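Now for the letters of each chain:
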Amino acid sequence: MCILEMFDDEDEDIHRLLAKRSINTLSVINMTTRRSFMPKVTDYMAVVGQMAVPQHIDDFKMHYRISRDVFHIILESVQDLLIRGGRGPHDTVTPEKQLLVCVSYLATNQSMRETAHFFNLSKSTVHQIIKEVCNILVNLRDRIIRWPSPRQQTEIATEVEAVCSLPGVTGFIDGTHIRLSAAIGGERDYYNRKGYPSIQLQAVVDNNMKIINAYTGWPGCVHDARVLRNSSVYIKAKAGELFSQNYHIFGDNAYPLRNWLVTPFKNFGNLTRQQIKFNKRLSGVRQTVERAFGHLKGRFRRLRDVPLHDHREVCNLIIACCVLHNLCIINEDDVEGYIEYEEEDPNNFPNVYQNGHAGVLRRLQLVNIP
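If you're wondering where the values come from, they're calculated on a predicted model, not measured in any experiment.

1. Concerning the nonpolar core
Phe250 and Leu317 are the most contacted members of the largest nonpolar core, which has 82 residues in total. Per element, the largest residue contribution to this core is 12 residues, and it comes from helix α13 (residues 311-330). Not counting the four nearest positions on each side in its chain, Phe250 is found in contact with Leu166, Val169, Gly171, Phe172, Ile173, Leu261, Val262, Leu282, Val285, Arg286 and Leu366. Counting residues in each nonpolar core, the second largest holds 15 residues, with Ile173, Val204, Leu242 and Trp260 among its members.

Spelled out as structure tokens, the structure:
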């Protein structure tokens, strides 16, 4: 009996070995043999077309996070630049489909592979489309992201003063971090104080959350004040090219005081009642820029984690989202419904640059306003 059991065990071992070899052989065959058919989504554009029907109109906005009306406004501005010629199956992708591909990618956290699957395109084609559409949107920035004229500055200041009783405020400045899936080139400079890689976006917004200046590209470890000092806002404001007399913007304590940039008093427990009141007024209206960032990242969720590895592509994607953000603000496209607040700025360091004398005087004038 013992001998028979030994033979049975050996037979089972032989069967297991043969089965394992068969599985490995089939795996090799599958890896080396190209399948003649792969399931694809072939009629998704027809589904998008059905979203134009009144009872399905909200489905378009749910998937693309902009209304169909705003989509067509954008399409009219870019379609001539999106006409592709060629003989390949993907060289004749229509302008509408290209814009849908890009907006779909920017509005969600889906990968390029998933986007390619839905639109029946290759991953490389999707990448190229996203790159080209973002470049075209960036070329629209001078039309969509514009510094207010003297007349517009007066209008903004009047509306802000009606809210906080502080005169001369034409905008609000702050920085935010755009998370990267990986540090570009493996550089440690991209890691911010919270320990994740990011690129900084500095923005100035008006009282309606419209971006009037956007500046991006600096790695996550850089101080907000240093980003400012290298931006066109600082250079032009210092030269007296941006602000009308007695006009300024509000920022937080990360920035230095200037006659055109006013920040709150640092609270070490020794502030007067007037200074505390001034800080509350400033903080109340300065939340506008935080809400703008909340809308930007809440509507275009790709900005919560950018997997691109080319610095220029990342910057163009960020500015493209800023352009789309402004178009949503201008066309009043359900802005409040997309605001999602995020964590505190990782680089919320105190100001490292000396305050300007003219800025100190400007703040003293404002703090004495009853």
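2. So, the environment of Tyr64
The topology assignment puts Tyr64 in helix α3 (residues 57-64). Classification of Tyr64 as buried rests on a relative accessible area of 1%. Placed 36 residues apart in sequence, Tyr64 and Leu100 show a C-alpha to C-alpha distance of 7.9 Å.

3. Topic: the side chain of Arg302
Considering the arrangement of structural elements, one finds Arg302 in the loop between α12 (273-299) and α13. Here Arg302 is buried and forms no salt bridge, its nearest opposite-charge partner Asp305 lying at an N-O distance of 5.3 Å. Within the local environment of Arg302, its side chain forms a polar contact with the backbone oxygen of Asp305, the two atoms lying 2.8 Å apart. Once residues within four sequence positions are removed from consideration, Arg302 is found in contact with Tyr105, Leu106, Thr108, Asn109, Gln110, Ser111, Pro307 and Leu317.

4. As for a nonpolar patch on the surface
Residues Val360, Leu361 and Leu364 make up a contiguous nonpolar surface patch of roughly 210 Å² in combined accessible area. For Val360, the location among the structural elements is in helix α14 (residues 357-367).

5. Some thoughts on the sheet that holds strand β1 (residues 169-179)
Strand pairing in a sheet is mediated by backbone hydrogen bonds. Such pairs are either parallel or antiparallel. Pairing is mixed across the open sheet formed by five strands, whose spatial order is β3-β2-β1-β4-β5. Each edge of the open sheet is held by one strand with a lone partner, namely β3 (211-219) and β5 (261-262). As paired elements, β1 and strand β4 (residues 248-250) share three bridges and run parallel to each other. Following the sheet pairing, Phe172 is matched in β4 by Phe250. α13 rests against β1, β2 (198-205) and β3 of the sheet, and its axis sits at about 160° to β3.

6. Overview of empty space enclosed by the protein
Inspection of every chain in the model, using the stated rule, returns one cavity of 30 Å³ or more. Its volume calculated, the largest cavity comes out at about 30 Å³. Lining of the largest cavity is provided by Gly175, Thr176, Gln200, Leu201, Gln202, Asp224, Val227 and Tyr255. Sorting elements by how many residues they give to the lining of the largest cavity places β2 first, with three residues. Partitioned by chemical class, the residues of the lining of the largest cavity number three nonpolar, four polar and one charged.

7. Details of the pattern of salt bridges
One pass over the structure, following the stated rule, counts 10 salt bridges. Close ionic contact of Lys61 with Asp334 constitutes a salt bridge, the shortest N to O distance being 3.8 Å. Pair noted here: Lys61 is in helix α3 and Asp334 is in the loop between α13 and α14, with a separation of 273 residues, a long-range link. We classify Asp334 as partly exposed; its relative accessible area is 38%. For the salt bridge of Arg304 with Glu340, the shortest nitrogen-to-oxygen distance reads 3.0 Å. Linking Arg304 in the loop between α12 and α13 with Glu340 in the loop between α13 and α14, this pair joins segments that are 36 residues apart in sequence.

8. Observations concerning unusual backbone geometry
A positive phi angle, close to 75°, is found at Met209, a residue other than glycine. Looking at where Met209 falls in the secondary structure, it is placed in the loop between β2 and β3. Backbone geometry places Asp334, a non-glycine residue, at a positive phi of 50°.

9. A look at the environment of Arg143
If you trace the backbone, Arg143 turns up in helix α8 (residues 141-144). A sequence separation of 180 residues divides Arg143 from Val323, and the C-alpha atoms of the two residues are 9.2 Å apart.

Cut-offs used in this document
Residues numbered from 1 in each chain as written. Predicted model: local features only at pLDDT ≥ 70, side-chain atom pairs only at ≥ 80, totals over all residues. Heavy atoms only, no water. Core = buried A, V, L, I, M, F, W, Y, C linked by side-chain atoms within 4.5 Å. Buried < 20%, exposed > 50% of the residue type's maximum accessible area, 1.4 Å probe, protein only. Helix = DSSP H or I, 4+ residues; strand = E, 2+ residues; numbered from the N terminus. Contact = heavy atoms within 4.5 Å. Lys, Arg positive; Asp, Glu negative; His and termini not counted. Salt bridge = Lys/Arg side-chain N within 4 Å of Asp/Glu carboxyl O. Polar contact = N/O pair within 3.5 Å; in protein donor to acceptor, adjacent residues only side chain to side chain. Patch = residues over 30% accessible without salt bridge, like charges linked within 9 Å, V, L, I, M, F, W, Y side chains within 5 Å. Areas by Shrake-Rupley, 256 points an atom, 1.4 Å probe, with all protein chains shown as cover. Pairing = 2+ DSSP bridges. Axes fitted to C-alpha atoms, helices over the stretch in contact; angles between N-to-C directions. 1 Å grid on protein atoms, 1.4 Å probe; cavity = no way out; pocket = protein on both sides within 12 Å on 5 of 7 lines; lining within 4 Å. Points joined across faces, edges and corners; volume = space filled by probe spheres on them. Nonpolar A, V, L, I, M, F, W, Y, C, P; charged D, E, K, R; others polar.

Remember, this is a structural readout, not a statement about activity or role.
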